[in-house]
Amino acid sequence: GVAVFPDGRRVVSCDGVWNSGEGVLKVWDVATGKCLATLRGHSRAVYGVAVFPDGRRVVSASGDKTLKVWDVATGECVATLEGHSKDVNCVAISPDGRRIVSASDDNTLKVWDVATGKCVATLEGHSKDVNCVAISPDGRRIVSASDDNTLKVW
C-alpha cells in the first residue's frame, strides 16, 4: 500500500508482499526520491497505510493482526490497536481524523476511536477476507471489498 500526504510532497509506502515484508514503512520525498524516515515496529509485513488529515501521523495495517499509529516527525509508534484475529489488510481514516477503519482476513471491519485507541464497532457481514476499505468524504459511509466478491456500504 501507499498513501500521499496532504502537502503532496511526501508519500508513505509499506512492505507487504505476501508476508515476505519485514514490517517496515518508509516515508519518501516526492521531489528527490529520497527516503526521509523508516518506521519499524510491526512483527510481520505491512499491507496498508493511511495518512491523517493533518499529515502528522500515519496508521499502518499488518499481518501481525495489529494497526499502529506513527508520529511522522519522531518516527515513533504512538499507539497499537489490537482486536483483529487475523491479518489486517487495509486501513482508512475519517476526514475529521477521529476514527480509523480497518479491514481484515477475519471477515470483519473494525472502527477505532483515535483518542482512546479502542474499538468502538465491529462490522460483520462479509463471508471471506475483507481486503479494502474506504470512507466517504463526508465521513458518513464506509465501503468495503471482500474476497466474497461483494462490496458493502455501511
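From a predicted model like this one, the values you see are computed outputs, not experimental measurements. (Residues numbered from 1 in each chain as written. Predicted model: local features only at pLDDT ≥ 70, side-chain atom pairs only at ≥ 80, totals over all residues. Heavy atoms only, no water.)

Q: Sorry if this is basic, but what is going on with the pattern of salt bridges here?
A: A pair can form between side chains of opposite charge whenever their charged atoms are brought close. Tallying each qualifying case throughout the model produces three salt bridges. Where Asp87 meets Arg44, a salt bridge forms, and the shortest distance between an N and an O atom there is 3.6 Å. Remark: Arg44 occurs in the loop between β4 (35–40) and β5 (46–51) and Asp87 occurs in the loop between β8 (76–82) and β9 (88–93); sequence separation between them is 43 residues. Close ionic contact of Arg99 with Asp113 constitutes a salt bridge, the shortest N to O distance being 2.6 Å. Here Arg99, found in strand β10 (residues 99–104), pairs with Asp113, found in strand β11 (residues 108–113); they are 14 residues apart in sequence, far enough to count as distant. Look at Arg99 and you get partly exposed, because its relative accessible area is 30%. (Salt bridge = Lys/Arg side-chain N within 4 Å of Asp/Glu carboxyl O. Helix = DSSP H or I, 4+ residues; strand = E, 2+ residues; numbered from the N terminus. Buried < 20%, exposed > 50% of the residue type's maximum accessible area, 1.4 Å probe, protein only.)

Q: Whenever I open this one, the pairing of β10 confuses me. Can you help?
A: Each regular strand carries side chains that alternate between the two faces of the sheet. By the criterion of burial, β10 is predominantly enclosed, with five of the six residues buried. Here β9 pairs with β10 via five bridges, running antiparallel. Counted as the bridge partner of Ala92 is Val101 from β10. Turn length for the β9-β10 hairpin, with the two strands adjacent in sequence and antiparallel, is five residues, and the turn residue Gly97 shows positive phi of about 75 degrees. By the bridge criterion, five bridges tie β10 to β11 in an arrangement that is antiparallel. Looking at the pairing, Ile100 lines up with Trp112 of β11. The antiparallel pairing of β10 with β11 creates a hairpin that spans three residues between the two strands, and Asn107 there sits at a positive phi of about 75 degrees. (Pairing = 2+ DSSP bridges.)

Q: Help me out: how do you make sense of the nonpolar core in this one?
A: The tendency in soluble globular proteins is for nonpolar side chains to be buried as a group. In terms of nonpolar packing, the biggest core is built from 14 residues, with Phe5, Val12, Leu25, Val27, Val49 and Val58 touching the most fellow members. Among the elements of the structure, β2 (10–14), β3 (24–29), β4 and β5 are those that each provide at least two residues to this core. Here this core takes three residues from β5, the largest share from any one element. Excluding its chain neighbours within four sequence positions, the residues that come into contact with Phe5 are Arg10, Val11, Val12, Val27, Val51, Gly55, Val58 and Val72. The next biggest cluster of nonpolar side chains, apart from the first, holds twelve residues, and it includes Ala50, Phe52, Val59 and Leu81. (Core = buried A, V, L, I, M, F, W, Y, C linked by side-chain atoms within 4.5 Å. Contact = heavy atoms within 4.5 Å.)

Q: Help me out: how do you make sense of the side chain of Lys68 in this one?
A: When you line up the elements, Lys68 lands in strand β7 (residues 66–71). No salt bridge is formed by the buried Lys68, whose closest oppositely charged neighbour, Asp64, lies at an N-O distance of 5.4 Å. Within polar-contact distance, the side chain of Lys68 engages the side chain of Thr80 at 2.9 Å. (Lys, Arg positive; Asp, Glu negative; His and termini not counted. Polar contact = N/O pair within 3.5 Å; in protein donor to acceptor, adjacent residues only side chain to side chain.)

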